Amino acid sequence: MNNKELKEVLGGLISIAGLLAEEFKDGVQATDFLQIVTKIQANEALKAKLLEAYNGIDQVPSEVKDLSVAETVDIMAHIGPELFKLIAAVKK
């Protein structure tokens, strides 16, 4: 009931989605991509989170295949705070 890699991948995706929502709120422009890369490079915690997500991504399919209801609830509890931050970023 660990699902470590799945949690890391979902956390990384939600973090990137929040960053994209923040940058694209005024429309998508070419300069937004430079801003995104700059923000990732300047944020050591985000870089570490994305690296963890990338390093374990090959194990995610096997983790997803055998998910139980309890594991799904655990994953949702784990990513819930980040998900709420994403929703708030999208609403801005």
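Up top you'll find the structure we're talking about.
Report follows, based on the coordinates. For every chain, the first residue of its written sequence is number 1, and the numbers climb from 1 along that sequence. Two thresholds apply to this predicted model, a pLDDT of at least 70 for residue-level local features and 80 or more for giving and counting side-chain atom pairs, whereas whole-chain, interface and lining totals are computed over all residues. Based on all heavy atoms of the structure, the side-chain values leave hydrogens and waters out of the count.

1. A look at the pattern of salt bridges
- One speaks of a salt bridge when a side-chain nitrogen belonging to Lys or Arg is within 4 Å of a carboxyl oxygen belonging to Asp or Glu. Under the counting rule described, the total for this entry stands at seven salt bridges.
- The shortest N-O distance in the salt bridge between Glu82 and Lys49 comes to 3.8 Å. Taken as a pair, Glu82 in helix H5 (residues 69–91) and Lys49 in helix H3 (residues 44–55) lie far apart in primary sequence, 33 residues in all.
- Relative accessibility under 20% of the residue-type maximum defines a buried residue, over 50% an exposed one, and the middle range a partly exposed one, all with a 1.4 Å probe and only protein chains included. Residue class for Lys49 comes out partly exposed when judged on its relative accessible area of 24%.
- For Lys85, the salt bridge goes to Glu82, with nearest N and O atoms at 3.4 Å. Of the two residues, Lys85 and Glu82 both sit in helix H5, three residues apart, roughly one turn of that helix. A run of H or I in DSSP counts as a helix once it spans at least four residues, and a run of E counts as a strand once it spans at least two, with each numbered from the N terminus.

2. Some words on unusual backbone geometry
- Backbone geometry at Asn3 places phi at a positive 50 degrees, although glycine is not the residue there.
- Relative to the helices and strands, Asn3 resides in the segment before helix H1 (4–24).
- Asn3 sits in the buried class, given a relative accessible area of 7%.

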